[in-house]
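Inside the fold
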Amino acid sequence: MVIVTEFHCLVHEYVTHFPQLVFPRPQVCPGCHAVDVFIGHGFYLRKPVSPTQVYRVWIKRWYCKACHHTLSLLPSILLRFRHYLLDVIQSIVVTRFEDSASWTQVSRRCAVEGLPSPRTIRRWCVSFAAHAPAWWGAVQQTLAQHDASSPLLDPLGKTAGPHDAPRALLHAALHLLAWAKTQWSDVVTYGLADRLRFLWHWGAGQGLGRLI
Ligand SMILES: [Zn+2]
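Residues numbered from 1 in each chain as written. Predicted model: local features only at pLDDT ≥ 70, side-chain atom pairs only at ≥ 80, totals over all residues. Heavy atoms only, no water.

Remarks on the packing of aromatic side chains
Both the distance between ring centres and the angle between the ring planes are used here to describe each pair of aromatic rings. What the rule picks out here adds up to 10 aromatic pairs. A ring pair is formed by F7 and Y14, whose centres lie 5.3 Å apart and whose planes are at 80°; its orientation type is edge-to-face. Accessibility assignment for this pair places F7 and Y14 in one class, buried. Residues W179 and W184 carry aromatic rings whose centres are separated by 5.5 Å and whose planes lie at 80° to one another, so their mutual orientation is edge-to-face. One aromatic cluster in this structure is built from F7, Y14, F18, F23 and F43. Between the NZ or CZ atom of K60 and the centre of the ring of W62, over which it lies, the distance is 4.5 Å. A cation sits over an aromatic face here: R197 above Y190, 5.0 Å from the ring centre. (Phe/Tyr/Trp six-rings, centres within 6.5 Å; stacked < 30°, edge-to-face > 60°. Buried < 20%, exposed > 50% of the residue type's maximum accessible area, 1.4 Å probe, protein only. Lys NZ or Arg CZ within 6 Å of the ring centre and 35° of its normal.)

With respect to the coordination of the zinc ion
At the metal site, the zinc ion is ligated by C29 (SG), C32 (SG), C64 (SG) and C67 (SG), and these contacts range over 2.3 to 2.4 Å. Between consecutive donors of the zinc ion, the numbers of intervening residues give the motif C-x2-C-x31-C-x2-C. Here C29, found in the loop between α1 (11-16) and β2 (38-46), pairs with C67, found in the loop between β3 (57-64) and β4 (70-75); they are 38 residues apart in sequence, far enough to count as distant. Just as C29 is buried, C67 falls in that class too. (Donors = N, O, S within 2.8 Å, 3.2 Å for Na, K, Ca; no water. Helix = DSSP H or I, 4+ residues; strand = E, 2+ residues; numbered from the N terminus.)

Section: the sheet that holds β3
The 4 strands are arranged β1-β4-β3-β2 in an open sheet whose pairing can be described as mixed. Lying at the two open borders of the sheet, with one neighbouring strand each, are β1 (2-5) and β2. Between one strand and the next, the sheet's axes are offset by a mean angle of 30°, whatever the strand orientation. Note that β1 and β4 share 4 bridges and pair parallel. Bridge pairing links V2 to S72 in β4. (Pairing = 2+ DSSP bridges. Axes fitted to C-alpha atoms, helices over the stretch in contact; angles between N-to-C directions.)

Notes on the nonpolar core
Grouped together as the largest cluster of nonpolar side chains are 66 residues, with contacts concentrated most on Y14, F128, L169 and L199. Of all the secondary-structure elements, those providing two or more residues to this core are α1, β3, β4, α2 (86-98), α3 (103-110), α4 (118-146), α5 (165-183) and α6 (195-205). Here this core spans two domains, and each of domain 1 (2-75) and domain 2 (86-205) adds at least three residues to it. Those residues in contact with L169 that sit more than four places away from it in its chain are F128, A132, W135, W136, V139, L199 and L211. (Core = buried A, V, L, I, M, F, W, Y, C linked by side-chain atoms within 4.5 Å. Domains from an automatic or database assignment. Contact = heavy atoms within 4.5 Å.)

Here we look at the domain arrangement of the protein chain
Buried accessible area, meaning the area lost when the parts come together, often serves as the stated size of an interface. Taken domain by domain, the protein chain comprises domain 1 (2-75) and domain 2 (86-205). Placing a centre on the C-alpha atoms of domain 1 and another on those of domain 2 gives a separation of 24 Å. If you look at the interface, domain 1 gives 10 residues, while domain 2 gives 12 residues. Our count for the domain 1 to domain 2 interface comes out at 1 salt bridge. Of the charged contacts in the structure, one is a salt bridge between R197 and E6, with a shortest N-O distance of 3.3 Å. On the surface where domain 1 and domain 2 come into contact, there are 3 residue pairs in polar contact (both at pLDDT 80 or more). Classifying every residue of the side of domain 1 that touches domain 2 gives 5 nonpolar, 4 polar and 1 charged. (Salt bridge = Lys/Arg side-chain N within 4 Å of Asp/Glu carboxyl O. Polar contact = N/O pair within 3.5 Å; in protein donor to acceptor, adjacent residues only side chain to side chain. Nonpolar A, V, L, I, M, F, W, Y, C, P; charged D, E, K, R; others polar.)

Digging into α4
An α-helical turn contains 3.6 residues, so a residue and the one three or four places further along point in the same direction. End to end, α4 covers 40 Å across 29 residues, agreeing with the expected 42 Å (1.5 Å per residue, within 8%). Along α4, the largest kink reaches about 45° and is centred on A132; proline P133 follows within four residues of it. (Expected span 1.5 Å × (residues − 1). Bend = angle between axes of the 7 residues up to and from the residue.)

Dropping the structure here:
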């Protein structure tokens, strides 16, 4: 089991300030719904990468005494099944879908000495496009419930769907963030560069599953 957790820091800060990090102990087990059952279960190592660097990121793990499963606190700077930092992947999907860049342009702007590879870049974009409609629908629904004045809202409603889901989702993430800033003080400093990390943390909490 995994809980995507916001530590309000970028990867180098997570690594540098690791001894000072506070790892929230979940009250309820998402697996068996028992209360106050988690005990510490050490850490495991992930080695996320940017085009130029490999990081050593220790992930906090809890153990449920009731159902005997472990639960990891995945920092929102990382996706579940991707080796690259979310930051790197964000720059790719933004360049591709928001700036409408060709594959060659995406590589030229975002890759460093061929990394990530053109094949990896395409795989991320295809995956983001596949998951975007469901995520976009969920964002729309949340904004409709909580922020009916949001200019994003499609008068045709959720079922109409966006014409270009990945681009629409990137845009919707900004509206979601703008709304979130009115709700939670710890995201007020978030900007453009934080939007996918914010979206990922939010959506994982909503049970939306994979984003990219
Ligand atoms: Zn449990």
